[in-house]
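This is what each chain is made of:
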Amino acid sequence: PATIRHSHDAIALGIGMVHQHFMLVDTLTALENVMLGAEPHVLLHRAEAQVRRELAALMQSTGLHVKLDALVGDLPVGDQQRLEILKTLYRGAKILILDEPTAVLTPQETEQLFGVLSLLRAQGTTILLITHKLKEVMRLCDRVTVMRGGRVVEDVAIADTSIEQLAESMVGRKVQM
């Protein structure tokens, strides 16, 4: 058990979250967004070079490629999401919480994200997916927890449930599929 009162507490525990609405500064570059609040050195030029090297290695190992010198406001939404994931991994996240990660992605970007998530999982990252898209849950997850009205109403292995059962748990009654 751990007490998490602030985002700094979660980061220290290796927990990172990518919100549905990204937490990026449009007028800064991708690199500056990663560094913001996590500068490894007081001399920014030295810090920038160090972060750039670490991000290059991280991009290579995860497939999460982003143009580091581009302004975030100029990046497509899929690149912004990759940047958010990179930012959490750069800060040491071993538990990654994704809130509605495919809500703003094209089908091709969604498939790319699923590939990255599979790779991260294979590398030992725990991924918590917050979504209402049951086909994605069935495809990506090992286990599912359904909450309704702020309470857990179902917690089951994916192998032991179906889309129909999950939909019923979500709304509290049988659903026409």
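This one's a predicted model, so the numbers in the text were calculated from it and none came from an experiment.

(A) Just the overall build of the protein chain, in detail. In terms of regular secondary structure, the protein chain is built from seven helices and five strands. Based on the C-alpha atoms only, the size of the protein chain along its principal axes is roughly 60 × 40 × 30 Å. A burial count over the protein chain gives 38% of its 177 residues as buried. Considering only contacts within the protein chain whose residues lie at least 6 apart along the sequence, 60% involve residues at least 24 apart. If you sum the accessible surface of the protein chain, you get close to 10,600 Å²; carbon and sulfur atoms cover 55% of it. Between the centroid of the 18 positive side chains of the protein chain and the centroid of its 21 negative side chains there is a distance of 3 Å.

(B) Fine view of the packing of helix α4 (residues 77-90) against helix α5 (residues 107-122). Between α4 and α5, whose axes approach to 11 Å, the crossing angle comes to 15 degrees. Relative to α5, α4 is oriented roughly parallel. For the element pair α4 and α5, the recorded crossing hand is right-handed. When α4 is examined against α5, the residues Val77, Gly78, Gln81, Arg82, Ile85 and Leu89 are found in contact with a partner set consisting of Glu109, Gln112, Leu113 and Leu120. Of the residues assigned to the contact of α4 with α5, the class counts are five nonpolar, three polar and two charged.

(C) Looking closely at the nonpolar core. By size, the foremost hydrophobic cluster in this structure holds 40 residues, and its most contacted members are Val51, Leu55, Leu83, Ile85 and Val144. Elements supplying a minimum of two residues to this core: α2 (30-35), α3 (44-62), α4, β2 (95-99), α5, α6 (134-140), β4 (143-148) and α7 (163-171). Ignoring sequence-local partners within four residues, the contact set of Val144 consists of Val137, Glu154, Asp155, Val156, Ile158, Thr161 and Leu166.

(D) Just α7, in detail. By the burial criterion, the buried members of α7 are Leu166, Ala167 and Ser169. When α7 is viewed along its axis, its buried side chains cluster within an angular range of 160 degrees and face the same direction. The inward-facing, buried residues of α7 contact α6, β4 and β5 (151-157). A positive phi of about 85 degrees marks Gly172, the residue just after α7.

(E) Structural view of the pairing of β2. Here β2 lies mainly inside the structure; four of its five residues are buried. In the sheet, strand β1 (residues 15-18) pairs with β2 via four bridges, with the strands oriented parallel. Considered in β2, the bridge of Gly16 is made with Leu96. As judged from the five bridges shared by β2 and strand β3 (residues 126-130), these two strands associate in the parallel manner. Along β3, the bridge assignment pairs Ile97 with Leu128. Read as a crossover between parallel neighbours, the route from β2 over α5 to β3 is right-handed.

(F) Seen up close, the sheet that holds β1. Pairing in this open sheet of three strands is parallel, and the strands run β1-β2-β3 from one edge to the other. Each of the sheet's edge strands pairs with one partner strand only, and the pair in question is β1 and β3. The sheet shows a mean angle of 15 degrees between the axes of neighbouring strands, taken without regard to direction. Where α4 meets the sheet, it contacts β1 and β2, and its direction lies at approximately 170 degrees from that of β1.

Definitions and cut-offs
- Position numbers for residues start from 1 in each chain and track the written sequence from start to end.
- Since the coordinates come from a predicted model, pLDDT governs what is reported: local features require at least 70, and pairs of side-chain atoms require 80 or more to be given and counted, while whole-chain, interface and lining totals use all residues.
- To obtain the side-chain values, all non-hydrogen atoms of the structure were included, while hydrogens and water were left out.
- Runs of H or I in DSSP of at least four residues are treated as helices and runs of E of at least two as strands, each being numbered from the N terminus.
- Burial classes follow relative accessibility: with a 1.4 Å probe on protein chains only, a residue under 20% of its type's maximum area counts as buried, one over 50% as exposed, and anything between as partly exposed.
- Here a residue-residue contact requires only that any non-hydrogen atoms of the pair lie within 4.5 Å.
- Here the Shrake-Rupley method, with its probe set to 1.4 Å, supplies the accessible areas, and only the displayed protein chains count as covering residues.
- Residues scored as charged are limited to Lys and Arg (positive) and Asp and Glu (negative), so that His and the chain ends carry no count.
- Charge positions come from single atoms, namely NZ of Lys, CZ of Arg, CG of Asp or CD of Glu.
- Each axis is a line fitted through C-alpha atoms, and for a helix only the stretch in contact is used; angles between axes span 0 to 180 degrees, taken between their N-to-C directions.
- The cut-offs work like this: below 35 degrees is roughly parallel, past 145 is roughly antiparallel, 65 to 115 is roughly perpendicular, and the gaps in between are oblique.
- Take the far helix as the reference: if the near one is turned anticlockwise from it by less than a right angle, the crossing is left-handed, and if turned clockwise, right-handed.
- Residue classes follow a fixed rule: Ala, Val, Leu, Ile, Met, Phe, Trp, Tyr, Cys and Pro count as nonpolar, while Asp, Glu, Lys and Arg count as charged, and any other residue, Gly among them, counts as polar.
- Joining through side-chain atoms within 4.5 Å is the link that ties buried Ala, Val, Leu, Ile, Met, Phe, Trp, Tyr and Cys residues into a set, and such a set is a nonpolar core.
- As used here, the arc belongs to the directions running from the helix axis to the C-beta atoms.
- Two strands are counted as paired when DSSP detects at least two bridges linking them.
- Note on handedness: a clockwise path from strand one over the helix to strand two, with the strands aimed away from the viewer, defines a right-handed crossover.

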